[in-house]
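Here is what each chain is made of, one letter per residue.
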Amino acid sequence: MLDPIYLDYNATAPVRPAVARAMAESLGRVGNASSLHRFGREARAAVEGARGEVAALVGAAPEEVHFTAGGTEADNWALTGFGARRLLVSAGEHEAVLEAAPQAERIPLTGGGLVDLAALERLLAASDAPALVSVQAANNETGALQPLPEVAALARRHGALLHSDAVQAAGKTPLDRAALGLDLVSLSAHKLGGPQGVGALVVRAGLELAPLLRGGGQERRRRAGTENVAGIVGFGLAARLAAAELADMAARAAWRDAFEAGLRARFPEAVVFAAAAPRLPNTSCFALPGRSAETLLIALDLAGVALSSGSACSSGKIAPSHVLAAMGVPETLARSALRLSFGWASRREDLEACLAALAKQAGSRQNGAGSKQRIIA
Amino acid sequence: MNDGNLPNRPARPIYLDYQSTTPTDPRVLEVMLPLFTEQFGNPHSDEHELGRRAAAAVEQARGEVASLIGAEARELIFTSGATESNNLAIKGAARFRRAHEGRSHLVTLATEHKCVLESAKALGREGFEVEILPVGQDGLVDLDRLAASLREDTALVSVMAVNNEIGIVQPLAEIGALTRPRGIWLHSDAAQAAGKIPLDVDALQVDLLSISGHKLYGPKGIGALYVRRRPRVRLEPLFDGGGQERGLRSGTLPAPLCVGLGEACRLAGLEMAEEAERLTVLRARFLAELTARVPGVALNGDAERRIPGNLNLSFEGVETQELIDHLVGVAASSGSACSSAAIEPSYVVQALGLPDWRTRGALRIGLGRFSTGGEIDRAVGILAETVASLRARRGAGGGETAAE
């Protein structure tokens, strides 16, 4: 079959060729990074080099980076590592945060897709108990960039710790842990062209948290388990390449804007979510009212265009997005929501082809075909 | 970063640390590579073709892992490695059983891997009663003592299939015969056993079993946990989120790593018997040549009931640290590689209750798939010379090296 047009980078990105080569090379070498002999020391050097690259991407010190199996582990670790601390999480967080802390109090979102700062302030002021606030850097569905400087200022004023799930933001938009004053940052390699199965929790120097995985003394005695050397090497290189492309990525917001303009031209009724918020350059979440997302996705998939309805999880059934619900989007409209997300290997033509496919499958007013071309489930 | 075997550089050391990690088999690497760049989908993206293809590859791999241990594919969940599997099995089972059945007693062995012991200790801090049983001088569990420790409220027994330092194979079937009738779940850390010795979860009556990719010529960063369906074993997850792996382990599955583990398991299943035979011969050759040249060598742990690729040796009058420091050209270890900058006496060898010199001078030799007879001969030569020179130094110089 033809290579599909892949516009689901927020689910996972293809591994960059240089990263795949570096990992293949690393996988061809034996060595446990904790062994003291030469094989072990070489593996250790590779791991530490990568730690520096990941740290540099997010304005952290290398010793603040703790490698994990991915973003989900990092989020779970951050949310459970502080014992009985009061937890405040935004209603638009990824399931990994929401499910890790079911007891957490929810900070509402505004209709524009941003965390409600006034509500956060009220929540923080309501109690003197030490709190941990968790607000993602960018939403995985809408791409909305959350106001982390303002959130950090509020957290600081109330003596709360601040965790940010930056799985979608890192490598797509500049992020500086130290400048923002974040205490904890979750990262994932496979969202930025690195391998699946590796992530990191960045922990501000001096901050103590209880381990989630116990055993050997790896990762400064905080995260046990033999280091995934090749995966970490791949993460490090992907972080370096993504950092070098941040300006290019920012410029590609124009692709997204052109796509959305084209969408509105063909479908005047189209709704773009969080359109007024600062957003990741690569993400567009939109709905064509009256067209079921599920039906459209099937048709697009058959036409060789890969989009998604939101977060790729296990259910197999497309449930209405909790993010859109938190923004006050009616369920009927949310059931029409599609997410387009592109990345390092995408071309402008991919978005144009997607628009054409949408026009064909959904039947736009402009092409005059109207509802005749609409796919019936 | 290139290969060490350049003319102006010394040859790479002989790798005899297969219990620490194994090289990824080139055949495993070959099946992994296309999943990085071509079939790169998120296996949970069922809305498009790339995602579904990744999912199909993951499910095929799950079947391969299951076959290796006589399980059903749906009884296997993927994890990031044996440390995660062991943490999930022990904490997950114990927390579930206490919450739902009031069982709050755990039994394990003093020679278990650190991640088992640390998980058990963490549960101890949560109010569980944790019993850590000693082993005999041979490294084997004392079955009578184990039987006597079992109680009405015992939630879990965790006994490793094969020890990572001394290679001892524990009698899991006998343990399973004790736990199953009492409704106690049996967990086994099989990181060192899977692919090395035949394992059948039904024959062994094991309820939870941990597997590691990089110990059986697969990649690092991937492992699996077997979770029995009949009788049903339930766990509290360690990671919550997207609900992957039937809610037991959230997080995007790393499709290339899953496929690598599957292929490693498939190859191990096919080649295990032949490989065991070859390694048994190589190990006998190592031991015979070494003991012919070096007096005062002792084998730690039972000689027969151990995996073919393992030796754990002590040298009279020689300490592990100095031996490893001077052992140029052979990569072996003192035991578990767990980030320790300094070599501490092995708690596993210590648990055998042997004379002091045995504990202080233990060296783990791990042979594996790519070990050759030539390597064995050269390694014995290097080891014999190193031991002799350390002993001569001590004999001549006396006090300084022996000084505390």
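From a predicted model like this one, the values you see are computed outputs, not experimental measurements.

Asker: How should the overall build of chain A be read in this particular structure?
Answerer: Across its full length, chain A holds 15 helices and twelve strands. A compact globule built from 377 residues would reach a C-alpha radius of gyration of about 21 Å, and chain A, at 21 Å, matches this within 12%. Looking at chain A alone, contacts between residues at least 24 apart form 71% of all its contacts between residues at least 6 apart.

Asker: Where do I start with the overall build of chain B in this structure?
Answerer: What chain B contains, in helices and strands, is 13 helices and twelve strands. Taken against the 2.2 N^0.38 rule, which gives 22 Å for 404 residues, the C-alpha radius of gyration of chain B at 22 Å falls within 12% of a compact globule. For the C-alpha atoms alone, the extent of chain B along its principal axes is close to 70 × 55 × 35 Å. Split into buried and exposed, the 404 residues of chain B put 57% on the buried side. For chain B, the proportion of contacts with a sequence separation of at least 24, taken over those separated by at least 6, is 73%.

Asker: Sorry if this is basic, but what is going on with the environment of E263(B) here?
Answerer: Residue and element names in this part refer to chain B. Position of E263 relative to the elements: it lies in helix α8 (residues 255–293). A sequence separation of 204 residues divides E263 from E59, and the C-alpha atoms of the two residues are 12 Å apart. Residues contacting E263, with those up to four places away along its chain left out, are R27, V28, V31 and E64.

Asker: Looking at this structure, how should I read the pairing of strand β2 (residues 65–68) of chain A?
Answerer: Sheet faces and side chains relate simply in a regular strand, where the side chains alternate between the two faces. All names here are of chain A. The alternating pattern of β2 places V65 and F67 on one face and H66 and T68 on the opposite face, and all of these are buried. Sheet topology places β2 next to strand β8 (residues 199–203); four bridges connect them, and they run antiparallel. Counted as the bridge partner of V65 is V202 from β8.

Asker: How should I be thinking about the pairing of strand β10 (residues 310–315) of chain B in this particular structure?
Answerer: All names here are of chain B. Among the six residues that make up β10, six are buried, leaving the element largely enclosed by the rest of the structure. A two-sided burial pattern is seen for β10, the buried positions comprising N310, N312 and S314 on one face and L311, L313 and F315 on the other. With five bridges joining them, β10 and strand β12 (residues 362–366) adopt antiparallel strand pairing. Bridge pairing in β12 places N310 opposite G366.

Asker: Would you mind showing me how to read the domain arrangement of chain B here?
Answerer: Accessible area lost upon the coming together of the parts is a frequently used measure of interface size. Residue and element names in this part refer to chain B. For chain B, the domain assignment lists domain 1 (26–267) and domain 2 (272–394). Each side of the interface is counted separately: domain 1 has 22 residues, and domain 2 has 22 residues. Grouping the amino acids of the side of domain 1 that touches domain 2 by side-chain chemistry returns ten nonpolar, eight polar and four charged.

Asker: Sorry if this is basic, but what is going on with the sheet that holds strand β9 (residues 271–272) of chain A here?
Answerer: Strand pairs in the sheet, formed through backbone hydrogen bonds, run parallel or antiparallel to each other. Residues and elements named next belong to chain A. Spatial strand order, β9-β10-β12: three strands in an open sheet with antiparallel pairing. If you trace the sheet from one side to the other, it starts and ends with β9 and β12 (337–341), each paired once. In this sheet, β12 lies alongside strand β10 (residues 283–287) in antiparallel orientation, the contact comprising five bridges. Of the residues in β12, the one forming a bridge with C285 is R339.

Asker: So what exactly am I meant to see when it comes to the interface of chain A and chain B here?
Answerer: Contacts between the two partners involve 64 residues from chain A and, on the opposite side, 61 residues from chain B. Among the secondary structure elements, those contributing two or more residues to the side of chain A that touches chain B are α1 (17–27), α2 (38–57), α3 (71–80), α4 (95–100), α9 (229–244) and α12 (293–302) of chain A. Ranked by residues supplied to the side of chain A that touches chain B, first place goes to α1(A) with five residues.

Asker: Would you mind going over the packing of helix α11 (residues 253–266) of chain A against helix α15 (residues 348–363) of chain A with me for this structure?
Answerer: Helix packing for two helices is described by the angle between their axes and how far apart those axes are. Residue and element names in this part refer to chain A. Two elements in contact, α11 and α15, have axes whose closest approach is 10 Å; the angle formed by their N-to-C orientations is 15 degrees. As far as their axial angle goes, α15 and α11 are roughly parallel. The chirality of how α11 crosses α15 is right-handed. Residues W255, F259, G262, L263 and R266 of α11 touch α15, and the partners they reach there are R348, L351, L355 and A359. For the contact of α11 with α15, the per-class residue count stands at six nonpolar, one polar and two charged.

Asker: Sorry if this is basic, but what is going on with the sheet that holds strand β7 (residues 208–212) of chain B here?
Answerer: All names here are of chain B. A sheet is described by the order of its strands in space; here seven strands give the open sequence β2-β8-β7-β6-β5-β3-β4, paired in mixed fashion. Pairing within the sheet leaves two strands with one partner each, and these edge strands are β2 (76–79) and β4 (129–133). On average, each strand axis in the sheet is inclined to that of its neighbour by 20 degrees, with strand direction left out of account. The pairing of strand β6 (residues 185–189) with β7 spans three bridges and is classified as parallel. Considered in β7, the bridge of D189 is made with S210.

Asker: I tried to follow the environment of F96(B) on my own but got confused; where do I start?
Answerer: Note on placement: F96(B) falls in helix α3 (residues 82–101). Residues F96(B) and L235(B) lie 139 residues apart in sequence; the distance between their C-alpha atoms is 5.6 Å.

Asker: Would you explain unusual backbone geometry in this entry?
Answerer: Where the residue is not glycine, phi is negative for most of them; where a peptide bond is considered, it is trans in most cases. In this model, R230(B) is joined to P231(B) through a cis peptide bond whose omega is -10 degrees. Mapping P231(B) onto the fold places it in the loop between β8 (223–227) and α8.

Asker: Help me out: how do you make sense of α9(A) in this one?
Answerer: Every α-helical turn comprises 3.6 residues, leaving residues that sit three or four positions apart pointing alike. The first and last C-alpha atoms of α9(A) sit 23 Å apart over 16 residues, in line with the 22 Å expected at 1.5 Å per residue. By the criterion of burial, α9(A) is predominantly enclosed, with 13 of the 16 residues buried.

Asker: Help me understand the environment of E93(A), please; the structure alone is not making it clear to me.
Answerer: As for its placement among the helices and strands, E93(A) is situated in the loop between β3 (86–90) and α4. The residues touching E93(A), leaving out its near neighbours within four places in the chain, are L98(A), S134(A), Q136(A) and D165(A).

Asker: Whenever I open this one, the packing of α12(A) against α15(A) confuses me. Can you help?
Answerer: Residues and elements named next belong to chain A. Relative to each other, α12 and α15 sit at 125 degrees, their axes nearing to 10 Å. Comparing the axis directions of α12 and α15 gives the class oblique. Seen from above, α12 lies across α15 with right-handed handedness. Contacts between α12 and α15 involve L296, A299 and L300 on the former and, on the latter, A357, Q361 and A362. Across the contact of α12 with α15, the residue classes tally to five nonpolar, one polar and no charged.

Asker: Teacher, can you tell me more about helix α4 (residues 114–125) of chain B here?
Answerer: Residues and elements named next belong to chain B. For α4, built from twelve residues, the straight-helix expectation of 16 Å at 1.5 Å per residue is met to within 8% by its first-to-last C-alpha distance of 16 Å. Along its buried surface, α4 packs onto α3, β3 (105–109), β4, β5 (154–158) and β6. Directly beyond the C-terminal end of α4, a positive phi value near 105 degrees is found at G127.

Asker: It is not clear to me how the confidence of the model for chain A should be interpreted in this structure. Could you clarify?
Answerer: As a general rule, the predicted coordinates of low-pLDDT regions are not to be interpreted in detail. In this model, chain A carries an average pLDDT of 93, and 93% of its residues clear a pLDDT of 70 or more. Overall, residues 365–377 of chain A carries pLDDT values under 50, and its contacts beyond four positions in sequence, including any with other chains, amount to 17 contacts.

Asker: Could you clarify how one ought to interpret the confidence of the model for chain B in this entry?
Answerer: All names here are of chain B. Residues at a pLDDT of 70 or more form 94% of chain B, whose mean pLDDT is 93. Residue range residues 1–8 is modelled with pLDDT below 50. Its contacts to residues more than four positions away, or to other chains, number four contacts. Confidence over residues 398–404 falls short of pLDDT 50; this stretch has three contacts with residues more than four positions distant or in other chains. As scored by the predictor, the complex reaches a pTM of 0.93 and an ipTM of 0.92.

Criteria and thresholds
Starting from 1, residues in each chain are numbered consecutively following that chain's sequence as written. The naming scheme follows written order: chains are lettered A onward, ligands numbered 1 onward. The model is predicted, so local features are restricted to residues of pLDDT at least 70 and side-chain atom pairs to those at 80 or more, both for listing and for counting; the totals for chains, interfaces and linings are taken over all residues. The way it works is that DSSP assigns letters per residue, a run of H or I at least four long becomes a helix, a run of E at least two long becomes a strand, and they are numbered from the N terminus. For a compact globule the rule gives 2.2 Å times the number of residues to the power 0.38, and the radius of gyration it is set against comes from C-alpha atoms. Each residue gets a C-beta atom placed from its backbone, and two residues are in contact if those atoms lie within 7 Å. Burial in this document is a count-based property: other C-beta atoms within 10 Å of a residue's C-beta are tallied, and the residue is buried at 20 or more, exposed at 12 or fewer, or partly exposed in between, with C-beta positions derived from the backbone. Strands are labelled as partners when DSSP assigns at least two bridges between them. The split into domains, and so the bounds of each, comes from an automatic or database assignment of domains. For this scheme, ten residues count as nonpolar: Ala, Val, Leu, Ile, Met, Phe, Trp, Tyr, Cys and Pro. Four count as charged, namely Asp, Glu, Lys and Arg, and the remainder, Gly too, count as polar. Angles shown run from 0 to 180 degrees and are taken between the N-to-C directions of axes, each axis being a line fitted to C-alpha atoms and, for helices, limited to the stretch in contact. Note on terminology: angles under 35 degrees are roughly parallel, angles over 145 are roughly antiparallel, angles of 65 to 115 are roughly perpendicular, and the others are oblique. Note: crossing handedness is left-handed where the near helix turns anticlockwise from the far helix by less than a right angle, and right-handed where it turns clockwise. Here the expected length of a helix is defined as 1.5 Å per residue gap, with one fewer gap than residues. A residue's pLDDT is the confidence the predictor assigns to it, expressed on a 0 to 100 scale.

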